[in-house]
Amino acid sequence: MKNYSSFDVLGPIMVGPSSSHTAGAARLGKIASEIAGQGFYKVEFYLHGSFAKTYKGHGTNKALVAGILGFEPDDERLRDSFDIAKSKSIDYEFIESDLGYVHPNTVKLVFKYLNNDDFYVIGSSIGGGSIVIININGIEIEFTGSYPTIIVKYKDKKGMISNITSIIADAEVNIASMKVTRDRDDATMICEMDSQIDEDTINNISNIEDLSYIRFINTKRS
Amino acid sequence: MFNTGKELLNLCEEKNLKIYELVIEKEHTLSGLSYDEIKSKMKNTLEVMKNSATQALDKEIISVSGLTGGNSKKVESYKNNKTFAGPFINGAMAKAFSTSEVNASMGKICASPTAGASGILPSALLSAQEKMDLTDEILVNALFTAAGIGEIIAKNATVSGAEGGCQAECGVAAAMAAGALVEISDGSPSQALNAAGFALTNIMGLVCDPIAGLVEYPCNLRNASGVVNAFISADLALANVDALIPFDEVVEAMYKVGKALPESLRETALGGLAATPTGKELEKKVIK
Ligand code: SF4
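As a further point, take the overall build of chain B. Counting its regular elements, chain B contains 13 helices and 1 strand. Each principal axis of the C-alpha atoms in chain B carries an extent, and together these give about 55 × 40 × 40 Å. Classification of the 288 residues of chain B by burial places 57% in the buried group. A fraction of 73% describes how many contacts in chain B between residues 6 or more apart in sequence connect residues 24 or more apart. A total accessible area of about 11500 Å² is found for chain B, and carbon and sulfur atoms account for 54% of it. Chain B carries 25 positive and 33 negative side-chain charges, and their two centres are separated by 7 Å.

With that settled, consider the overall build of chain A. When its secondary structure is counted, chain A shows 7 helices and 11 strands. Taking 17 Å as the expected radius of gyration for a compact globule of 222 residues, we find that chain A reaches 18 Å, a close match to that expectation. Each principal axis of the C-alpha distribution contributes one length, and for chain A these read about 50 × 45 × 35 Å. Across the 222 residues that make up chain A, the buried fraction comes to 52%. The long-range fraction of contacts in chain A, counting pairs at least 24 apart against all pairs at least 6 apart in sequence, stands at 65%. Accessible area of chain A: about 10300 Å², with a carbon and sulfur share of 45%. The average position of the 23 basic charges and that of the 30 acidic charges among the side chains of chain A differ by 5 Å.

All names here are of chain A. The 6 strands lie next to each other as 3-2-4-5-6-7, forming an open sheet whose pairing is mixed. Strands with a single pairing partner mark the edges of an open sheet, and in this sheet they are strand 3 (91-96) and strand 7 (139-143). Sheet twist, expressed as the mean angle between neighbouring strand axes with direction ignored, is 20 degrees. Summarising the sheet, strand 4 (residues 105-112) and strand 5 (residues 119-127) pair through 6 bridges and their orientation is antiparallel.

This part covers the interface of chain B and chain A. Note: interface size is frequently given as the accessible area lost on complex formation between the parts. Each partner contributes to the interface: chain B provides 43 residues, whereas chain A provides 33 residues. Carbon and sulfur atoms supply 60% of the area buried between chain B and chain A, which totals about 3100 Å² over both sides. The largest contributions to the chain B side of the interface with chain A come from Met106(B), Lys108(B) and Lys155(B), which together make up 22% of the buried area. Its salt-bridge partner being Glu283(B), residue Lys53(A) comes within 3.5 Å of it at the nearest N-O pair. Summed over the shared surface of chain B and chain A, the result is 11 residue pairs in polar contact (both at pLDDT 80 or more). Those elements that provide at least two residues to the side of chain B that touches chain A are helix 2 (19-31), helix 3 (35-54), helix 5 (86-104), strand 1 (108-110), helix 7 (136-156) and helix 13 (277-287) of chain B.

The next point concerns the pattern of salt bridges. Summed over the entire model, instances satisfying the criterion amount to 25 salt bridges over all chains. Lys18(B) serves as the salt-bridge partner of Asp186(B), at 3.2 Å between the closest nitrogen and oxygen. Residue Asp186(B) is found in the loop between helix 9 (170-184) and helix 10 (189-202), and its partner Lys18(B) is found in the loop between helix 1 (5-15) and helix 2; the two are separated by 168 residues along the sequence. Among the ionic pairs, Glu47(B) bridges to Lys43(B), the shortest N-O distance being 3.5 Å. With Glu47(B) and Lys43(B) both in helix 3 and 4 residues apart, the pair spans about one turn of that helix. With a relative accessible area of 31%, Glu47(B) lands in the partly exposed category. Residues joined by salt bridges that share partners form a network here, namely Lys42(A), Glu44(A), Glu93(A), Lys112(A) and Asp118(A).

Right, let's get into the site of the ligand. Lining the immediate environment of the ligand, one finds Gly116(B), Gly161(B), Cys166(B), Glu169(B), Cys170(B), Cys208(B), Asp209(B), Cys219(B) and Arg222(B). Classifying every residue of the shell around the ligand gives 4 nonpolar, 2 polar and 3 charged.

Another aspect to go through is the pairing of strand 9 (residues 175-183) of chain A. Residues and elements named next belong to chain A. Judged from the 8 bridges that link them, strand 9 and strand 10 (residues 186-193) form a sheet pairing that is antiparallel. Residue pairing for strand 10: Asp 183 is matched across the bridge by Asp 186. Linking strand 9 to strand 10, which pair antiparallel, is a turn of 2 residues; within it Arg 184 sits at a positive phi near 50 degrees.

The next thing to look at is the domain arrangement of chain A. Residue and element names in this part refer to chain A. Assigned domains within chain A: domain 1 (10-137) and domain 2 (149-217). Taking the mean C-alpha position of each, domain 1 and domain 2 sit 26 Å from one another. Every contact between the two is made by 7 residues of domain 1 and, on the other side, 4 residues of domain 2. Interface area, domain 1 with domain 2, both sides summed: about 430 Å², of which 65% is carbon and sulfur. It is Glu 34, Ile 35 and Ile 136 that lose the most area in domain 1 upon contact with domain 2, and together they represent 70% of the buried surface on that side. Linking domain 1 with domain 2 are 0 salt bridges. Across the domain 1-domain 2 interface, the total number found is 4 residue pairs in polar contact (both at pLDDT 80 or more). The greatest single-element share of the side of domain 1 that touches domain 2, amounting to 4 residues, is contributed by helix 2 (residues 19-36). Of the residues that constitute the side of domain 1 that touches domain 2, the class distribution is 5 nonpolar, 1 polar and 1 charged.

This part takes up the environment of Ala234(B). Residue and element names in this part refer to chain B. In this structure, Ala 234 sits in helix 11 (residues 219-238). Residue Ala 234 is classed as buried on the basis of its relative accessible area of 4%. Along the backbone, Ala 234 and Ile 203 are 31 residues apart, and their C-alpha atoms lie at a distance of 15 Å. Dropping the residues within four chain positions of it, Ala 234 is found in contact with Ala 178, Leu 181, Val 182 and Ala 195.

Let us now look at the state of the cysteines. All names here are of chain B. Evaluated as defined, the whole model comprises 0 disulfides over all chains. Residue Cys 110 stays outside any disulfide, its sulfur separated by 15 Å from that of Cys 170, the closest cysteine. Judged by relative accessible area, Cys 110 falls into the buried class, the value being 2%.

Another point: the side chain of Gln167(B). Mapped onto the elements, Gln167(B) comes out in the loop between helix 8 (161-164) and helix 9. Excluding its chain neighbours within four sequence positions, the residues that come into contact with Gln167(B) are Val172(B), Leu200(B), Ile203(B), Met204(B), Gly205(B), Leu206(B), Met254(B), Val257(B) and Gly258(B).

This paragraph deals with the pairing of strand 2 (residues 42-48) of chain A. Residue and element names in this part refer to chain A. Extensive coverage of strand 2 is indicated by the burial of 6 of its 7 residues. Where strand 2 meets strand 3, 6 bridges bridge the pair, whose relative direction is parallel. The residue of strand 3 that forms the bridge with Lys 42 is Asp 91.

Reading the values: the criteria
Residues numbered from 1 in each chain as written. Chains lettered and ligands numbered in written order. Predicted model: local features only at pLDDT ≥ 70, side-chain atom pairs only at ≥ 80, totals over all residues. Heavy atoms only, no water. Helix = DSSP H or I, 4+ residues; strand = E, 2+ residues; numbered from the N terminus. Buried < 20%, exposed > 50% of the residue type's maximum accessible area, 1.4 Å probe, protein only. Contact = heavy atoms within 4.5 Å. Areas by Shrake-Rupley, 256 points an atom, 1.4 Å probe, with all protein chains shown as cover. Lys, Arg positive; Asp, Glu negative; His and termini not counted. Charge placed at Lys NZ, Arg CZ, Asp CG, Glu CD. Rg over C-alpha atoms; globule rule 2.2 N^0.38 Å. Pairing = 2+ DSSP bridges. Axes fitted to C-alpha atoms, helices over the stretch in contact; angles between N-to-C directions. Buried area = accessible area lost by both parts, 1.4 Å probe. Salt bridge = Lys/Arg side-chain N within 4 Å of Asp/Glu carboxyl O. Polar contact = N/O pair within 3.5 Å; in protein donor to acceptor, adjacent residues only side chain to side chain. Near = heavy atom within 4 Å. Nonpolar A, V, L, I, M, F, W, Y, C, P; charged D, E, K, R; others polar. Domains from an automatic or database assignment. Disulfide = S-S within 2.5 Å.

What follows is the structure in structure tokens.
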């Protein structure tokens, strides 16, 4: 049987009212913005299922905006996130929509940049404040953000995976799970680790040739 | 270390420990944190609980949707009138309402075990502290008792209203609080589990039917009645009232009852109070 920590049972400490519709939404916003990268001027939120139905009463909208501003689910600024976004000139829009056969609490976040293409992330809030990211720009993936995670995209060629994993191994970081998906020549690798990785290691990986995209999500799990 | 109530009781007896001592020991083994670190983390949880349980006592806090609010203050100012249940019980209900209102207004709470049921445990502990002059350390220990009981239920049943109805949220919260109260009163580990079993028994079958799908009503009432359930269950156990069905079997029964509930009574807002004519009216008003 899975062992629970006392702080799983008594937790999370969060801003209400709902762990799935508020705390999970804030986490989704935060992790999605880390995947997309800073500098966006607007985010469109496509709300699906129960998110679409009850987002106002649950403050899902405020929590999502707080998330893209980088706030954690227990940050009491959640309820003022609209004003804070405005003061940072970040625009937002909520659109009720049908995202297909996905979890009822799912949202697609489209990040808009002045000089770059749109970037989108789809994720679901699966209960108790936990989340799963299921799609990045059309690439189906699955990761929970519970572990420090590396996401890389590259033109597939021999030795890429071992290049990356050996740098991680040199840093004495243990890989918890790794998934690679391929769409024609483009490969996407998601690597979850047992502990956070430092700047140097990040730089070493970034220096690998032919990476078209790289992100580190150094989540801390409270 | 322990998955069932029976295993928990055996370990307590073997090592001559209280439930909370065993749970702290387990947390230490599991996380690698020191005893001091674990306790100070829980002290932080207690602080969040104290704030949420008192914020709305003298201040009207209205929910994001506008559906509920202000009840904590009403009950708090009523409690010294000529009441049926007395100032202690009324004060406890006011504190339970307080956390529910803080939660519904996007304030900070600790899910225990869920956000919807987060009013019960803080009110139980805080009310006990006021009545019995308890130190914060005793309350911190009691939180570990509660966590241990909650863990067993989460492992063998569910603590989600969508899965098991409100008995799995407000029922489990009351069970955790009842067990914690027993240890505060120096009751035995088996009395603590009896109390938890009583609390679940008292509300077995309770459905989840939130108006408009929002964690507000009847959640707030069930937090208020949930803390009362915790107090009477603790007292019944301390009085050694017979517990014919062992805790583990009560938990299993609760789980099966939850599974047997139709989906309309499991957080979908399609049954119970949510589906009444007035419930639907209110839904229309707050959703759009
Ligand atoms: S009625 Fe449903 S949403 Fe409300 S507290 Fe109970 S289980 Fe949670």
